[in-house]
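The primary structure of each chain is shown beneath.
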Amino acid sequence: MKLWLLAVGLSLVLTVCVARSPYQAVLQHSRIRGRLQGPNVCAMQQLKGTDKKYFTNCKQWYHRKICGKPTVITYECCPGYEKIPGEKGCPAALPLVNIYNTLGVTGASTTQMYSERAKLKDEIEGPGSFTFFAPSNEAWAALPTEILDALVSNVNIELLNALHYHMVNRRLTSEELKHGSSFASMYQDFHVHIHHYSNGIVTVNCARLIKPDQHATNGIVHVVDRVITAISNNVNTLLDIDDDLETLRTAMAAAGLTAMLENEGQYTVFAPTNEAFEKIPQETLNRILGDPVALRDLLNYHILKHMQCAESIVSGTPMETLQGTVLEVGCDGDQMTLNGKAIITKKDQLGTNGVVHYINELLIPDSAKVLLELAEGSSVATATKLFVEAGLTPHLTGSEALTMLAPLDDAFKGSVTMTPDMRKLMTNHLLKEQLSSKSLYHGQELETLGGLKLRVFVYRNVRLEFTCFYTSLMRLLESQIYDTSDQPITAQANGCCQALVVKADHRFSLLVGAIQTAGMTELLNQQGALTFFAPTNDAFTSVPQAELNRLMRNREQLAGVLRYHMGEGMLVSGGVGSHTRVKPLQGDKLELGVRNYTVYVNKVPVADADLMATNGVVHAVNSIIKPLPPKVDREQQADGPAAPDRSAASSGADARSFRNDDLFQKVVRSRSSRTMNKSQ
């Protein structure tokens, strides 16, 4: 019964938590953090050196930062409560009075004063049910002098209209201020626009509610941090009427986006000024303006799918654009930032269907750049320089569909100079088609601009590798053609795909003879995918001569040994994990592992990995691979040379020596040990 009641109670609590608005959730967290100060005390985070305060959420509480700036913790009465002299916390509820008097006790005394001047006092003292978004005293003080003078010089019309625009003719609590909602104000039914963000911040026309839910007998007061003005223009009209956005208007019209910004919606436009466009090289700008796809991507990259007021940002947050990628919208003190840069010059220009923030720098998405521009803006400076020196600039700046495989700077050891071989090498880092990582699949064959074939490998950790291949397995072993790099070319640029050269040593000459003796030449020349752990000459010479002679005379046994070295499918070194298994063409499974960057197969180290062929891959080993014994310590499996097995006798001796150990004797004499013995 108790368990049932507990389950019901938990479900009710969860239901309440889910139903709460983001603001109420943050308020509750502030209450919890302030509970040690007494009842109804809320912890607030105040930006150092300013009067800005925020109810605190869990993340902000531990980071002690808002917009990257340090905060101090202050404690105040939660909304609707007040202190009593001599008592801890805020035990008393504020007396419920009319809206006019509520303004005086909630930090909006200037609004109270102007309400009296505009002859609004009788209305907000009398009967009714109103919502008053009341500007704080600081909000009136921050208003430009010329605007304030215009309001107070005509109190019966301008000031009264301004105050009426801050009012709604019904009571609206913070719970009812839903994200994206709007309500007709008491000034000619012009709407006020509400946004209730997931971090608990609530705005009206982008003004933040700093003291929400101050209840009154005839309504409710929400104190806001700025004076709001009526909105009549849509976003497109805002762009149209500002000469500083002339270039943007022209680009919007050319891309066919004008109609979208006239329609209903909740857009955020980061509007590049004329100055922002002028900073871009004319050649680059002309190319983008002349490419409809690139232009549309560029402009959509400046538009968010939802409305984001500046006051809603308290930390860097990735936000999706209409172009499909994300911008990190953040803040640094009182400055709004994009991708970590303070390039926003004017904030919160509000329209009926969104908000505009002016920026002085053009944001160019990757999809609107040519390959050379992409490379210049990333950590592949060495490769970019080599591409240019190799004379590949026309390919990297033209309209040709290509994919660049750009090695990181760390992939190049020492100084690199341009040579014919290096020019060919860089050409082989350009694929003949445009491919995103999403379009690649395991075993896919690609062709480079230089005519080289690459094969794609995809692993469980979503790592991609591209490896050069030359010819069939048999021809590879016979001609001794290898990739001279230690690692395959990868999407993460772990190494460079070097020119294929003929090595002087003939490490597989004995293996080639064994393959021919066993009649397996055709197997290694046929199409398919094999992984061959190929024994080198050193592997054969390590076998006692008499045993080797017997093996070479027994064609069937020799074929069995060689087939045990061949696995089904193609496995490169990058695909080997801690316990990888390969099924050989004959015999039990092969156990693979990696230790200290070396691949082991049945505890035999691979001496030279990833020798690619059209029908498989070769890994050179310097020992003949033998099946593992039936009982193998799984902790040691495939991770290097096996430790010698301990016999039962030695195990018993170890146990006896442990019993003679001082620590063991202390355990035996302990109280818990004596208790266990008695219970037994």
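Here's a quick rundown of the structure. Since the structure is predicted, the reported quantities are computational estimates derived from the model, not experimental observations. (Residues numbered from 1 in each chain as written. Predicted model: local features only at pLDDT ≥ 70, side-chain atom pairs only at ≥ 80, totals over all residues. Heavy atoms only, no water.)

A few words on the overall build of the protein chain. Within the protein chain one finds 27 helices and 34 strands. In the form shown here, the protein chain has an accessible surface area of approximately 34400 Å², with 52% of it arising from carbon and sulfur atoms. (Helix = DSSP H or I, 4+ residues; strand = E, 2+ residues; numbered from the N terminus. Areas by Shrake-Rupley, 256 points an atom, 1.4 Å probe, with all protein chains shown as cover.)

An order of E15-E14-E20-E19 is seen for the four strands of this open sheet, with the pairing classed as mixed. Pairing within the sheet leaves two strands with one partner each, and these edge strands are strand E15 (303-304) and strand E19 (344-351). Two elements, E19 and strand E20 (residues 354-359), share five bridges in a ladder whose sense is antiparallel. If you follow Gly351 over to E20, its bridge partner there is Gly354. (Pairing = 2+ DSSP bridges.)

Quick look at helix H16 (residues 381-389) now. If you check which residues of H16 are buried, you get Ala383, Thr384, Leu386 and Phe387. Down the axis of H16, the buried set is contained in an arc of 165 degrees. They therefore lie on one face. Turning to H16, the residues buried within the fold contact helix H15 (371-376), helix H17 (393-397), strand E21 (403-404), helix H18 (420-427) and strand E22 (430-431). (Buried < 20%, exposed > 50% of the residue type's maximum accessible area, 1.4 Å probe, protein only. Arc of directions from axis to C-beta. Contact = heavy atoms within 4.5 Å.)

Rolled over the atoms, a probe as big as a water molecule pinpoints where empty space is left. A complete count under the given rule lists three cavities of 30 Å³ or more for this structure. There is about 160 Å³ of room inside the largest cavity. Lining the largest cavity are 16 residues, with Tyr54, Phe55, Gly200, Ile201 and Arg208 sitting closest to its centre. Elements represented by at least two residues in the lining of the largest cavity include exactly helix H2 (22-34), strand E2 (53-55) and strand E12 (207-216). Considering every element that reaches the lining of the largest cavity, the biggest residue donor is E12, with four residues. The residue makeup of the lining of the largest cavity, split by class, is 10 nonpolar, four polar and two charged. (1 Å grid on protein atoms, 1.4 Å probe; cavity = no way out; pocket = protein on both sides within 12 Å on 5 of 7 lines; lining within 4 Å. Points joined across faces, edges and corners; volume = space filled by probe spheres on them. Nonpolar A, V, L, I, M, F, W, Y, C, P; charged D, E, K, R; others polar.)

The full count for this structure, using the stated rule, is four disulfides. The partner cysteine of Cys77 in its disulfide is Cys90, sulfur to sulfur 2.0 Å. What sets the handedness of the Cys77 and Cys90 disulfide is the S-S torsion sign, and at about -85 degrees it is left-handed. Note that Cys77 is positioned in strand E4 (residues 69-77) and Cys90 in the loop between strand E5 (81-82) and strand E6 (92-93), a separation of 13 residues in sequence. One disulfide in the model links Cys206 with Cys309; its S-S distance is 2.1 Å. The disulfide joining Cys206 to Cys309 has a torsion of about -70 degrees about its S-S bond and is therefore left-handed. (Disulfide = S-S within 2.5 Å.)

We now examine the packing of aromatic side chains. Going through the model one piece at a time under the given rule, you end up with three aromatic pairs. Relative to Trp140, the ring of Tyr114 lies with its centre 4.7 Å away and its plane at 65 degrees, an arrangement referred to as edge-to-face. In this pair, Tyr114 sits in helix H5 (residues 109-117) while Trp140 sits in helix H7 (residues 137-141), placing the two residues 26 residues apart along the sequence. For the pair Tyr114 and Trp140, a shared accessibility class is recorded, and that class is buried. With 5.5 Å between their ring centres and 25 degrees between their planes, Tyr187 and Phe190 make a pair best called stacked. For the cation-ring pair, Arg64 lies above Trp61, with the distance from its terminal atom to the ring centre recorded as 4.4 Å. Here the guanidinium or amino end of Lys346 rests over the ring plane of Tyr358, the centre of that ring lying 4.5 Å away. (Phe/Tyr/Trp six-rings, centres within 6.5 Å; stacked < 30°, edge-to-face > 60°. Lys NZ or Arg CZ within 6 Å of the ring centre and 35° of its normal.)

What follows covers the pairing of strand E10 (residues 191-196). The element E10 is largely enclosed, with a buried count of five among its six residues. In this structure, E10 lies alongside strand E11 (residues 202-204), joined through three bridges in antiparallel fashion. Directly across from His195, in E11, lies its bridge partner Thr203. The turn linking E10 back onto E11 is made up of five residues, and Gly200 within it adopts a positive phi angle of 95 degrees.

When you line up the elements, Asn57 lands in the loop between E2 and helix H3 (58-63). Given the relative accessible area of 19%, Asn57 is considered buried. Along the backbone, Asn57 and Met44 are 13 residues apart, and their C-alpha atoms lie at a distance of 9.6 Å. The contact partners of Asn57, leaving out residues within four places of it in the chain, are Val26, His29 and Asn199.

This brings us to the sheet that holds strand E1 (residues 41-47). Here we have four strands laid out as an open sheet, ordered E2-E1-E4-E3, and antiparallel in their pairing. For this open sheet the edge positions go to E2 and strand E3 (65-66), each flanked by a neighbour on one side alone. The pairing of E1 with E2 spans three bridges and is antiparallel. From the neighbouring strand, Met44 faces E2, where its bridge partner is Phe55. H2 contacts E1, E2 and E4 of the sheet and is inclined by roughly 100 degrees relative to E1. (Axes fitted to C-alpha atoms, helices over the stretch in contact; angles between N-to-C directions.)

Another point: the nonpolar core. Counting 28 residues, the largest nonpolar core has Phe133, Leu177, Val192 and Val204 as its most contacted members. For this core, the elements supplying multiple residues, two or more each, are H2, E1, E10, E11 and E12. The biggest single contributor to this core is H2, with three residues. In this structure Val192 touches Phe133, Tyr165, Val168, Ser181, Ser182, Phe183, Ser185, Val204, Asn205 and Ile228, once residues within four positions along its chain are discounted. Residues Leu248, Leu261, Ala271 and Ala368 belong to the second largest nonpolar core, which totals 27 residues. (Core = buried A, V, L, I, M, F, W, Y, C linked by side-chain atoms within 4.5 Å.)

Note that all results are geometric; they support no functional claim without further evidence.
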